[in-house]
Amino acid sequence: MRKTTLLTVGALLLAGPARTLAQTTDPRIDNEESPFVRLIRPDRPGQTITTNMLYPGQFQLETGLTRYDASSSVGYAGRSAWGSTLRVGFFNHIELRATQNYLLASTARSLATEGEAAPYTGPVGFAPLNVGAKFLASSTQNASSQVVVLLDMNLRNGDATFTNKQLEPGARLLISQQLGQRFGLEGNLGFRQRAFTAEGTKYGQYLTTLALNGPLGPTTHFGFFAETYATWQRQQGWLPGFTSGLYWRPIPGMRFDVTGGHGLTSQAGGLTVGGGVSVRLGR
């Protein structure tokens, strides 16, 4: 119970100063026209969530299809999932968000007790909904250096084929450093546990990421994304991986991407591939 209390109190302590510090903005900041700030920055693809926060009245939809290897340590092992995230800019430097994954029906078949192939009976359809919010923890939004706190929760809804559903609270510290006017280095430190019990902490997963993104060539229409990440769980230990990809941004508020990733150890899983689109509406 002590671990659960510490994790919950820690998340609340992070969220409290976030709202207080975010009250002050610096009108003299000369960074609003930087492509790193002005152009769309989605939270997909990969494990890294960006420090980018929408302004009040802005909406952003990010959606894409990802195929996970059967040995994958992230996502849905052996499955293809269609994931969508809706982000909404709120007042007082807060961004509200909801993520919904849809697992496609698997073509895999398991062996019945008689040794004959039986239809796959794993989960399919809508996964439990994830809801959360970003809070600006640094003093100025869209500064060259920025710190954001993300608090989120996996709910207990979704298709009935998802069994043993629990409330799964999570928190991340998001950090970014702008490199020049067009490149960015971003990192995440976070955790997620099952339910609000001491037993749930034994199955908690910790995550650390470091990502670099920026344009390819003199224009900002084409660019790259590359990250390294590692998850840790008591039963599995450290599982590192790598994700990279390319994107095309025809207009400032729209981006298409294709990505691929792979575990860096045999225990960390095989190939993951995906592609998607992100659209931002509002000023």
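Remember, predicted model here, so these are calculated numbers, not experimental data.

Colleague: Just to check I follow, could you spell out the environment of Asp152 for this structure?
Modeller: In this fold, Asp152 is placed in strand β8 (residues 145-154). Taking relative accessible area as the criterion, Asp152 reaches 13% and is therefore assigned buried. With 22 residues separating them in the primary sequence, Asp152 and Asn130 have C-alpha atoms 6.8 Å apart. Apart from the residues within four sequence positions on either side, Asp152 is in contact with Asn130, Val131, Gly132, Glu168, Pro169, Gly170, Ala171 and Arg192. A distance of 2.8 Å separates polar atoms of two side chains, one belonging to Asp152 and the other to Asn130.

Colleague: I'm lost on the nonpolar core in this one. Help?
Modeller: Across soluble globular proteins, you tend to see nonpolar side chains buried next to one another. Of all hydrophobic cores here, the largest spans six residues; its members are Ile49, Met53, Leu136, Val148, Leu150 and Leu174. The next biggest cluster of nonpolar side chains, apart from the first, holds five residues, and it includes Ala81, Leu103, Ala127 and Phe162.

Colleague: For this particular structure, what's the right way to read the environment of Ile49?
Modeller: Looking at the element boundaries, Ile49 is found in the loop between α2 (35-38) and β1 (59-68). By relative accessible area, Ile49 is classed as buried at 12%. Sequence separation between Ile49 and Thr209 is 160 residues, and the spatial gap between their C-alpha atoms is 9.1 Å. Once residues within four sequence positions are removed from consideration, Ile49 is found in contact with Asp43, Arg97, Lys134, Leu150, Arg172, Leu174 and Asn188.

Colleague: Mind showing me how you'd approach the pairing of strand β14 (residues 254-263) here?
Modeller: In summary, the side chains of a regular strand alternate between the two faces of the sheet. Alternating residues of β14 divide into Arg255, Asp257, Thr259, Gly261 and Gly263, all buried, and Met254, Phe256, Val258, Gly260 and His262, none buried. Bridge count between strand β13 (residues 237-251) and β14: nine bridges; the pairing is antiparallel. Bridge assignment links Ser244 to a residue of β14, and that residue is Gly260. Here β13 folds back onto β14 in antiparallel fashion, the turn holding two residues. Direction of pairing for β14 relative to strand β15 (residues 272-281): antiparallel, over a ladder of eight bridges. What sits directly across from Val258, in β15, is Gly275.

Colleague: It is not clear to me how the packing of aromatic side chains should be interpreted in this structure. Could you clarify?
Modeller: For any two aromatic rings, the description comes down to two numbers: the centre-to-centre distance and the angle of the planes. According to the stated counting rule, one finds seven aromatic pairs in the structure shown. Measuring from ring centre to ring centre gives 6.4 Å for Tyr68 and Tyr76, while their planes differ by 75°; the resulting arrangement is edge-to-face. Residue class for Tyr68 comes out buried when judged on its relative accessible area of 15%. The class of Tyr76 is partly exposed, set by a relative accessible area of 25%. Between Tyr102 and Phe126, the ring centres sit 4.9 Å apart and the planes meet at 75°, which makes this aromatic pair edge-to-face. Taken together, the residues span a long stretch of sequence, with Tyr102 in strand β3 (residues 94-103) and Phe126 in strand β6 (residues 125-126) at a distance of 24 residues. Overall, the relative accessible area of 35% leaves Tyr102 in the partly exposed class. The class for Phe126 is partly exposed, based on a relative accessible area of 46%. An aromatic cluster of three or more residues is present, and its members are Phe191, Tyr206 and Trp232.

Parameters and conventions
- Residues numbered from 1 in each chain as written.
- Predicted model: local features only at pLDDT ≥ 70, side-chain atom pairs only at ≥ 80, totals over all residues.
- Heavy atoms only, no water.
- Helix = DSSP H or I, 4+ residues; strand = E, 2+ residues; numbered from the N terminus.
- Buried < 20%, exposed > 50% of the residue type's maximum accessible area, 1.4 Å probe, protein only.
- Contact = heavy atoms within 4.5 Å.
- Polar contact = N/O pair within 3.5 Å; in protein donor to acceptor, adjacent residues only side chain to side chain.
- Core = buried A, V, L, I, M, F, W, Y, C linked by side-chain atoms within 4.5 Å.
- Pairing = 2+ DSSP bridges.
- Phe/Tyr/Trp six-rings, centres within 6.5 Å; stacked < 30°, edge-to-face > 60°.

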